[in-house]
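Summary of the model geometry
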Amino acid sequence: MEELYFITGNKGKFKEAKEKLKYLDIELIQADMEYPEIQASDLKEIALFGINYCSESLKSPFFLEDSGLFIEELNSFPGPYSRYVHETIGNDGILKLLLNINNRGAYFKSTVGLYKDGPHIFEGVSRGTISHEIRGQGGFGYDPIFIPENNSKTFGEMTTVEKNKFSHRGKSLEKLGKYLENGVE
Ligand code: IMP
């Protein structure tokens, strides 16, 4: 069976990828390998830098994934700074910033960078709103405060299978899966 490495230290991301790509005849392996996340406004640029960096030492096919939360009322903040913002002000801080704000529109974007005979990029977007309170124990990161479009539950209240149906990562991984299956980008 062909091996494919997913470079991530995030167990939640790996669980989602394992579930989404389980139909493929591929052994997905988690590789917790450090790579520099450059400060750029574009997730694609960050992912491309990461895969080119990792391809120097990893010779088997691999992918990595970079994502961000973009909040309308905050002019797309935190976007590429999502990790730092989550580590500093967290979900409580985001809810405070949106206190008494009616426009709660937001979206998540996921960029998968695959390195297999060269670099390939697959993107997925999930639109929705920021909840008024923290809800759910599932998932990770901003999951307990994000409600995808046409849903009442937050990602934090969903199972992995449910989240994958609506999420940014579910969509980018779906494109990755199709590419691995039949080479169509
Ligand atoms: P990164 O892609 O791992 O750099 O993620 C940036 C930040 O966004 C981290 O704080 C993650 O926890 C958060 N994040 C990324 N993807 C998701 C998701 O699917 N749900 C909730 N938070 C996420």
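Rules used in this analysis
- Residues numbered from 1 in each chain as written.
- Predicted model: local features only at pLDDT ≥ 70, side-chain atom pairs only at ≥ 80, totals over all residues.
- Heavy atoms only, no water.
- Near = heavy atom within 4 Å.
- Polar contact = N/O pair within 3.5 Å; in protein donor to acceptor, adjacent residues only side chain to side chain.
- Areas by Shrake-Rupley, 256 points an atom, 1.4 Å probe, with all protein chains shown as cover.
- Helix = DSSP H or I, 4+ residues; strand = E, 2+ residues; numbered from the N terminus.
- Nonpolar A, V, L, I, M, F, W, Y, C, P; charged D, E, K, R; others polar.
- Axes fitted to C-alpha atoms, helices over the stretch in contact; angles between N-to-C directions.
- Parallel < 35°, antiparallel > 145°, perpendicular 65-115°, else oblique.
- Left-handed = near helix turned anticlockwise from the far one by under 90°.
- Contact = heavy atoms within 4.5 Å.
- Buried < 20%, exposed > 50% of the residue type's maximum accessible area, 1.4 Å probe, protein only.
- UniProt positions renumbered as here; feature names shortened; annotations may be inferred.
- Arc of directions from axis to C-beta.
- Phe/Tyr/Trp six-rings, centres within 6.5 Å; stacked < 30°, edge-to-face > 60°.
- Lys NZ or Arg CZ within 6 Å of the ring centre and 35° of its normal.
- Salt bridge = Lys/Arg side-chain N within 4 Å of Asp/Glu carboxyl O.

1. Notes on the site of the ligand
- The environment of the ligand is made up of 15 residues, and the closest members are Lys13, Ser67, Asp143, Lys163 and Arg169.
- In the environment of the ligand, a nitrogen atom lies 2.9 Å from a nitrogen or oxygen atom belonging to the backbone of tyrosine 142.
- Lysine 163 is positioned with one of its side-chain polar atoms (N or O) 2.8 Å from an oxygen atom of the ligand.
- Relative to its free-state accessible area of 470 Å², the ligand is covered by the protein chains to the extent of 93%.
- When contributions to the shell around the ligand are tallied by element, the ones reaching two or more residues are β3 (62-71), α3 (82-88) and α6 (168-182).
- Tallying contributions element by element places α3 first for the shell around the ligand, with 3 residues.
- Tallied by class, residues from the shell around the ligand come to 3 nonpolar, 5 polar and 7 charged.

2. Some words on the packing of helix α1 (residues 11-20) against α6
- Where α1 contacts α6, the axes come no closer than 10 Å and their chain directions differ by 45°. Compared by their axis directions, α1 and α6 come out oblique. Here α1 runs over α6; the crossing is right-handed. Of the residues in α6, those in contact with Lys13, Glu16, Ala17 and Lys20 of α1 are Arg169, Gly170, Leu173 and Glu174.
- Along the lines of polarity and charge, the residues of the contact of α1 with α6 split into 2 nonpolar, 1 polar and 5 charged.

3. With respect to the environment of serine 41
- Within the fold, serine 41 resides in the loop between β2 (26-31) and α2 (43-54).
- Of the residues examined, serine 41 reaches a relative accessible area of 67% and is grouped as exposed.
- Sequence-wise, serine 41 and lysine 96 are 55 residues apart; in three dimensions their C-alpha atoms are separated by 24 Å.

4. As for the UniProt feature "active site" (unreviewed entry) in the chain
- When the UniProt feature table is mapped to this numbering, "active site" (unreviewed entry) covers Asp66.
- Inspection of the secondary structure puts aspartate 66 in strand β3.
- On the accessibility criterion, aspartate 66 (6% relative accessible area) is buried.
- Dropping the residues within four chain positions of it, aspartate 66 is found in contact with Lys13, Tyr35, Glu37, Leu43, Ile46, Lys109, Ser110 and Thr111.

5. Regarding α1
- For α1, every residue scored as buried is listed here: Lys13, Phe14, Glu16 and Ala17. Relative to the axis of α1, the buried residues are bounded by an arc of 160° and lie together on one face. Along α1, the residues that are exposed and aim more than 90 degrees away from the buried face are Lys11 and Lys15.
- Those residues of α1 hidden inside the fold are in contact with β1 (2-7), β2, β3, α5 (160-166) and α6.

6. Considering the packing of aromatic side chains
- Across all of its chains, the model carries 8 aromatic pairs by this definition.
- Centroid distance phenylalanine 70 to tyrosine 107: 4.9 Å. Interplanar angle 5°. Geometry classified as stacked. Separated by 37 residues along the polypeptide, phenylalanine 70 in strand β3 and tyrosine 107 in strand β5 (residues 105-115) bring together distant segments of the chain.
- Overall, tyrosine 107 belongs to the partly exposed group, its relative accessible area being 24%.
- If you follow arginine 127 out to its NZ or CZ, it ends over the ring of tyrosine 107, 5.0 Å from the centre.
- When the ring centre of phenylalanine 155 is taken as reference, the NZ or CZ atom of lysine 163 above it lies at 5.4 Å.

7. Section: the pattern of salt bridges
- By the definition in use, this model includes 14 salt bridges.
- Lysine 178 is paired through a salt bridge with glutamate 174; the nearest N and O atoms lie 3.7 Å apart. A residue pair is termed a helical-turn pair when its members lie 3 or 4 positions apart in one helix, as lysine 178 and glutamate 174 do in helix α6 at 4 residues.

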